[in-house]
Amino acid sequence: MPDYTLRIRRYSPENGDAAHWEDFQVDLDGSRSVLDGVLQAKDREDGSIGIRCSCRAGICGSCGVRINGKPNLACRTHLDEAHARAADGVIVVEPMGNMPVLKDLIVDMDAVHWKKIQRVTPWLLPDGPPPEREYVVPPDNMIDVTQTMACIQCGACVSDCLSMEVDPLFIGPAALAKAYRFVGDPRDGHQEQRVRDLAEDPHGLYDCTHCFNCIEACPKGVAPMSQIMRLRRIAGDDHHVEDRNNGHRHEMAFVKNIEKNGLLHEADLLPDSYGGKLHPRAVPELVSSLPIILRALQRGKVTPAGALLHKHKAPKDVKRIFRDIEGREERYELNLYVAGEEEDAS
Amino acid sequence: MVRAMPAHDVLIIGAGLAGQRAALAAARQGATVAIMSKVHPVRSHSNAAAGGINAALNPDDSWESHAFDTIKGSDYLGDQDAIEIMCREAPDEVLWLEHAGVTFHRNAEGKLGTRAFGGASAARTYYIADITGQALLHVLYEQLMKHHEQIDRYEEWFITDLAQDDDGRCVGAIARNIRDGAMELFSAKSTILASGGAGQCFKPSTNALICTGDGMAQAYRIGAPLMDMEMVQYHPTTLAGVGILITEGARGEGAHLYNADGERFMEKYAPNKLELASRDVVSRAEQTEINEGRGFEDGTVALDITKVPRKRTLEALREIVNIGRDFAGVDITREPIRIRPGCHYIMGGVKADIHGRTAVDGLYAAGEVACVSVHGGNRLGANSLLDTLIFGRRSGEHAAKRAAGLGKPKPVRAQLHDSERAIGAIMRRTGGRRVSEIREELGTMMNEKVAVFRDHEGLTDAHSIVRRLKDEAKNATIDDHGTVFNQDVLGALELGYMLDVAECIVVGALERKESRGAQFRTDFPKRDDEHWLKHILESRNGDDTPQVSYSPVTITQWEPQERTY
């Protein structure tokens, strides 16, 4: 059988040693998992290696770790794949990020992850007493929230969340996805209060920077960032909640700009993002942007004529795309359970 | 100074579906509740029950039909009074879950929709894609968080022993905080075991690594008898090697089984129900094909899910699409996947009545750890979630009512010191075999000798091996001598639990000289109602060997018949 080397990050709070790396050789088939590898090292060489694990099938969410720097479940990462991606042929296994390490590969999920989950009032709040039989709800809504029910609370998205690195108080991808599970559930009677609460929290809905890390990290296809975007759309479109970070207006400035010009007309973008050139909010922003504008002029990135006299008009095709999308009755859903999986080329 | 002992009306050990349901029910009765588990509640193995939960909720269906299917599935070893209760209460339980927030699949009208499942005469399985157990578990945990003022959660606490007062009543438990190694005596008026099964006695197994029979062994050690321990279910569709489960939902949705010659072999064994016969029947059919040389070279047969429309598979069997890809490298929507029977569930457990009461006063049991018995010789798919919820709730209610009439319990503090000393002694051992080695030998041996087909010779062998391993385990060594997350020392305790449970499984299988449900004896290939329509009970006697006795099967309205599918 092929040999693999696992380089495991070791740390014990009891012996006074700093965290350090330790290599273990495992002899397992490449189709076996990194978890199988860690457990073999634990069984044969050092029973003190700490790792949470239970189901071995990617369902219980216990064995979230970082493998070669990327968060994943140890049980669903094959040794041969991990080996192929390892920098020098050594599979590096370390605890998840954004959470304090308790021992070896075990992190304090309570201190971070579960605290954030509790922040979003994580239980159904129906209006009034339940019906005699089941709530009758559209089948697609149930399939829709099933995507977030597929979350196993493994913490991989939390581990890799860039916003949380900068703002540890950010509610974060897992808890916001959990929030969508109630906001998107037609039986819940507090949709507006929920999104308003999350939107008004300075560490809430608009703290996400769309880095896609959580989508990539999630082993279950929950796509937390998509759920965050859907929460924002519900907040903005359905409940007229204002985006406190100006992100929504900025996005709409792009849309308007392209609809009008076909190509991006950058000189309009900034003022439009703040409500137009004459909007009181735009003035200080424009003033503070002056040095950037001047540098851009200096380096020839923009010319005064180009900036002020953008003549390009959107072609018919662009207008047609806009008509097409705006003419739709329903929002385009960022949900694979509803939208279906993309068929491959064959 | 001695710290105050944590004290509750009801202590629940295990936080899967049975435990969480018990906690919510007990809290609703006004009791103070503690729920304790060696893992975080959402890591519990209830997660793995993928396919669904049975209930005769549809107006065209009836609880009697559900009950009969369950009784026939049990090969008439199930107690019919308990089965009647489970099937009668199932519809209300499913509605309770729906109201609590479970995102059940809906039909086109927006009402609860069903899928077909094995051994059932109607499509009565309610589900959430193929993550039913997971969705239920996470929604119940939402409710635990909601009721946090009444329910104290002790997450990642490992129970070492049940506590008894001087009269032998169960009055709580002794537990170790996994996070810092602190030992604590928890006092409780009523204690409910909801700690799940013991699949790790077998290797491979579909069961999680935490399913080490803790509660069964703990109850057995304080004198509560175990019942029907020989009844170990082999699930028909598990992946070779690692033993990971492919849900019965796949066959419920229309997948077929083929042998290596391309024959749909279930036509021979169950001409009417085909792939949807009871699990024991399908597993035996597969094993027969494999043993007679019609399987693939790796000891498997093929499960063909390509029969199911791709869109439906992606929507309703999404998890096994992932499992096929991640654990077998197979796209199940395009090609068959190789499977074989694998250890999955134990129908036996701590003997409990319809209120969850065991033979020890103050001790209840619910879920897989218990044997009420609603599954008898063979459990139907999608009845396990139901069992956990119905008997979890009933235990929680009864335990809370019992506690309301009782004074302060009197646990014996010396027991805490005994448990502490026992752990210290494990850490000081030298020179013995590694715990992991003994566990490996046990699992491999059990899967070889106590599997789908059993005989006297193999079982006798198995018994002497278990006895030897028990001796070796007394001196088995570990590496970790620390206090923070010392999983090594917990592994040594788990090995002790597994060996007690394994011995009871083997002794029960040796004792039952007939073939019924999951127990198939090649030396006694027929069901023998005259001699063996009875439960086998095993109690621990003084010299640490199981003492066998019997109890009758309760029959209400369904007399045993020949069982065909």
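Residues numbered from 1 in each chain as written. Chains lettered and ligands numbered in written order. Predicted model: local features only at pLDDT ≥ 70, side-chain atom pairs only at ≥ 80, totals over all residues. Heavy atoms only, no water.

1. Remarks on the overall build of chain A
Selection criterion: A run of H or I in DSSP counts as a helix once it spans at least four residues, and a run of E counts as a strand once it spans at least two, with each numbered from the N terminus. Exposure categories follow from relative accessible area, calculated using a 1.4 Å probe and restricted to protein chains: below 20% of the type maximum is buried, above 50% is exposed, and the middle band is partly exposed. Here, residues are in contact when the closest pair of their heavy atoms is within 4.5 Å. Computed with the Shrake-Rupley method and a 1.4 Å probe, the accessible areas treat only the protein chains shown as cover for residues.
Along its length, chain A carries 16 helices and 7 strands. With the C-alpha coordinates aligned to their principal axes, the bounding extent of chain A is approximately 75 × 65 × 50 Å. Buried positions account for 51% of the 346 residues belonging to chain A. By sequence separation, contacts in chain A at least 24 residues apart represent 65% of the contacts at least 6 residues apart. Summed over all atoms, the accessible surface of chain A reaches about 17000 Å², with 54% contributed by carbon and sulfur.

2. Some thoughts on the state of the cysteines
We apply this condition: Criterion for a disulfide: a pair of cysteine sulfur atoms at a distance within 2.5 Å.
Inspection of the entire model under this criterion finds 0 disulfides over all chains. The closest cysteine sulfur to the non-disulfide-bonded Cys208(A) is located on Cys214(A), 6.2 Å from its own sulfur.

3. A word on the packing of helix H11 (residues 247–261) of chain A against helix H12 (residues 266–273) of chain A
All names here are of chain A. Put simply, the test is: Every axis in this analysis is a line fitted to C-alpha atoms, fitted for helices over the stretch in contact. Angles between the N-to-C directions lie between 0 and 180 degrees. What sets the label is the angle itself: under 35 degrees gives roughly parallel, over 145 gives roughly antiparallel, 65 to 115 gives roughly perpendicular, and the rest give oblique. In this scheme the crossing of two helices becomes right-handed for a clockwise turn of the near helix relative to the far one and left-handed for an anticlockwise turn of less than a right angle. The classification used treats Ala, Val, Leu, Ile, Met, Phe, Trp, Tyr, Cys and Pro as nonpolar, Asp, Glu, Lys and Arg as charged, and all other residues, Gly among them, as polar.
H12 packs onto H11 with a crossing angle of 140° between their chain directions and a minimal axis gap of 8 Å. In terms of orientation, H11 lies oblique with respect to H12. In terms of crossing hand, the pair formed by H11 and H12 is right-handed. Each of Arg249, His250, Ala253, Phe254, Lys256, Asn257 and Lys260 in H11 lies in contact with H12, whose residues at this interface are Asp268, Leu269, Asp272 and Ser273. Here the residues of the contact of H11 with H12 are counted per class, giving 3 nonpolar, 3 polar and 5 charged.

4. Brief notes about empty space enclosed by the protein
Residue and element names in this part refer to chain B. Applied cut-off: Within this scheme a cavity is a closed region of a 1 Å grid, computed over the protein atoms alone, that accommodates a 1.4 Å probe without allowing it to escape, whereas a pocket is open but has protein on both sides within 12 Å along at least five of seven lines; lining residues each have an atom within 4 Å of a point. Grid points are joined across faces, edges and corners, and a volume is the space filled by probe spheres set on the points.
Tallied over the full model, the rule gives 13 cavities of 30 Å³ or more. Here the second largest cavity defines a volume of roughly 170 Å³. With 3 residues, helix H10 (residues 318–328) is the largest single contributor of residues to the lining of the second largest cavity.

5. Some points on the interface of chain A and chain B
Rules: In this description, buried area is defined as the sum, over both parts, of the accessible area (probe of 1.4 Å) that is lost when the two are combined. Each reported salt bridge corresponds to a side-chain nitrogen of Lys or Arg within 4 Å of a carboxyl oxygen of Asp or Glu.
If you look at the interface, chain A gives 71 residues, while chain B gives 68 residues. For the pair chain A and chain B, the summed buried area comes to about 5600 Å², and 50% of that belongs to carbon and sulfur atoms. Where chain A touches chain B, the interface holds 10 salt bridges. Where Arg179(B) meets Asp110(A), a salt bridge forms, and the shortest distance between an N and an O atom there is 3.9 Å.

6. Focus: a nonpolar patch on the surface
Stated formally: Patches were defined on residues exceeding 30% relative accessible area and lacking a salt bridge, with like-charge contacts within 9 Å and nonpolar side-chain contacts (Val, Leu, Ile, Met, Phe, Trp, Tyr) within 5 Å.
A cluster of nonpolar side chains, contributed by Val283(A), Val287(A), Leu290(A), Ile293(A), Leu294(A), Leu297(A) and Val302(A), occupies part of the molecular surface with about 540 Å² of accessible area. Following the sequence through the fold, Val287(A) ends up in helix H13 (residues 282–298).

7. Examining the packing of aromatic side chains
Residues and elements named next belong to chain B. Put simply, the rule reads: Stacked, edge-to-face and tilted are the three classes for Phe, Tyr and Trp ring pairs, Trp counted by its six-membered ring, which pair at centre distances within 6.5 Å; planes under 30 degrees apart are stacked, over 60 edge-to-face, the rest tilted. By the criterion adopted, a ring carries a charge over it if an Arg CZ or a Lys NZ lies within 6 Å of its centre and within 35 degrees of its normal.
One pass over the structure, following the stated rule, counts 9 aromatic pairs over all chains. On the numbers, 6.0 Å between centres and 70° between planes, the contact of Trp532 with Tyr550 is edge-to-face. Taken together, the residues span a long stretch of sequence, with Trp532 in helix H16 (residues 529–532) and Tyr550 in strand E19 (residues 546–552) at a distance of 18 residues. In this structure Tyr550 comes out as partly exposed when scored by relative accessible area, which is 39%. Ring pairs connect the aromatic residues Tyr154, Trp157 and Phe186, which therefore count as one cluster. Over the face of the ring belonging to Phe296 we find Arg338, whose NZ or CZ atom lies 3.9 Å from the ring centre.

8. What to know about the pairing of strand E8 (residues 170–177) of chain B
Residue and element names in this part refer to chain B. Heads up, the condition is: In this scheme, strands are said to pair when DSSP sees at least two bridges between them.
Along E8, 8 of the 8 residues are buried, which leaves the element largely enclosed by surrounding structure. Pairing of strand E7 (residues 157–164) with E8, which is carried by 6 bridges, proceeds in the antiparallel orientation. Bridging from a neighbouring strand, Gln164 pairs with Cys170 of E8. Connecting E7 to the antiparallel partner E8 that follows it, the hairpin turn spans 5 residues, and Gly168 within it adopts a positive phi of roughly 90°. Examined bridge by bridge, E8 and strand E9 (residues 183–193) share 5 bridges and lie antiparallel to one another. In the sheet register, Ala173 faces E9, and the bridge partner there is Phe186.

9. Looking at the sheet that holds strand E10 (residues 226–227) of chain B
All names here are of chain B. Taken together, the 5 strands give an open sheet; going across it, the order is E17-E15-E10-E18-E19, and neighbouring strands pair in mixed fashion. Of all the strands in the sheet, the pair left with one neighbour each is strand E17 (370–371) and E19. Across 7 bridges, strand E18 (residues 534–540) lies against E19 in antiparallel orientation. When the bridges of E19 are listed, Ser539 appears paired with Gln547.

10. Structural notes on unusual backbone geometry
Look at the link from Lys203(B) to Pro204(B): it is a cis peptide, with omega at 0°. With respect to the helices and strands, Pro204(B) occurs in the loop between E9 and helix H5 (214–221). In the segment running from Val372(B) into Ser373(B), the intervening peptide bond is cis, with an omega of 5°. Topologically, Ser373(B) is positioned in the loop between E17 and helix H11 (384–404). In this structure, Asn98(A) takes a positive phi of about 65° despite not being glycine.

11. Examining the sheet that holds strand E4 (residues 114–115) of chain B
Residue and element names in this part refer to chain B. What the 3 strands build is an open sheet, ordered E3-E5-E4; its pairing is antiparallel. Two strands bound the open sheet, and with one partner strand each, they are strand E3 (53–54) and E4. Judged from the 2 bridges that link them, E4 and strand E5 (residues 125–126) form a sheet pairing that is antiparallel. Within E5, the position partnered with Arg115 by the bridge is Thr125.

12. A word on the side chain of Arg106(B)
To keep it simple, the criterion reads: Under the rule applied, a polar contact is a pair of N or O atoms within 3.5 Å (in protein, one hydrogen donor and one hydrogen acceptor; residues adjacent in sequence only if both atoms are side-chain atoms).
Inspection of the secondary structure assignment puts Arg106(B) in the loop between helix H3 (80–100) and E4. On the basis of relative accessibility, which here comes to 2%, the residue Arg106(B) falls in the buried class. A distance of 2.6 Å separates the side chain of Arg106(B) from the side chain of Glu98(B), its partner in a polar contact. Not counting chain neighbours up to four residues away, the residues in contact with Arg106(B) comprise Glu134(A), Tyr135(A), Val137(A), Pro139(A), Met142(A), Arg187(A), Glu98(B), Lys111(B), Leu112(B) and Gly113(B).

13. A few points about H13(A)
Residues and elements named next belong to chain A. The criterion, for reference: A helix is expected to reach a length of 1.5 Å times the quantity of its residues less one. One axis is fitted to the seven residues ending at the residue and one to the seven starting there. The bend at that residue is the angle between these axes.
With 17 residues, H13 ought to run about 24 Å at 1.5 Å a step, and its terminal C-alpha atoms sit 23 Å apart, in line with that. Along H13, the helix axis deviates most sharply at Leu290, where the bend reaches about 45°; the proline Pro291 sits within four residues downstream. Those residues of H13 that fall on the buried side of the exposure criterion are Ala282, Ser289 and Ala296. Of the surrounding secondary structure, the elements contacted by the buried residues of H13 are H12. Count one or two residues on from H13 and you reach Gly300, which has phi positive near 75°.

14. Some thoughts on the side chain of Arg232(A)
All names here are of chain A. In plain terms, the rule: In this tally Asp and Glu are treated as negative and Lys and Arg as positive; neither His nor the chain ends contributes.
One can find Arg232 in helix H10 (residues 224–239). The side chain of Arg232 sits in the buried core without any salt bridge; Asp243 is the nearest counter-charge, 5.6 Å away. There is a polar contact of 2.9 Å between the side chain of Arg232 and the side chain of His210.

15. Topic: the nonpolar core
Spelled out, the test is: We call a set of buried Ala, Val, Leu, Ile, Met, Phe, Trp, Tyr and Cys residues a nonpolar core when their side-chain atoms join them within 4.5 Å.
Residues Leu205(A), Leu231(A), Ile12(B), Ile53(B), Phe104(B) and Leu136(B) are the most contacted members of the largest nonpolar core, which totals 102 residues. Not counting residues up to four positions away in its chain, the partners in contact with Leu205(A) are Leu176(A), Val195(A), Leu198(A), Ala199(A), Ile228(A), Leu231(A), Arg232(A) and Ala235(A). In terms of nonpolar packing, the next biggest core, distinct from the first, is built from 82 residues, Met36(B), Trp157(B), Leu416(B) and Ala451(B) among them.

16. Notes on the pattern of salt bridges
All names here are of chain B. Per the stated rule, a full pass over the model turns up 86 salt bridges over all chains. For Asp69, the salt bridge goes to Arg124, with nearest N and O atoms at 2.9 Å. Here the residue Asp69 occupies a position in helix H2 (residues 63–73), and Arg124 occupies one in the loop between E4 and E5, the gap between them amounting to 55 residues. For the residue pair Asp69 and Arg124, the accessibility class agrees, reading buried in each case. As a salt-bridge pair, Arg251 and Glu248 come within 3.7 Å of each other at their nearest N and O atoms. For Arg251, a relative accessible area of 2% translates into the label buried. Linked by salt bridges that have partners in common, Asp75, Glu230, Asp280, Arg284, Arg512, Glu514, Arg516, Arg527, Asp529 and Arg563 make up one network.

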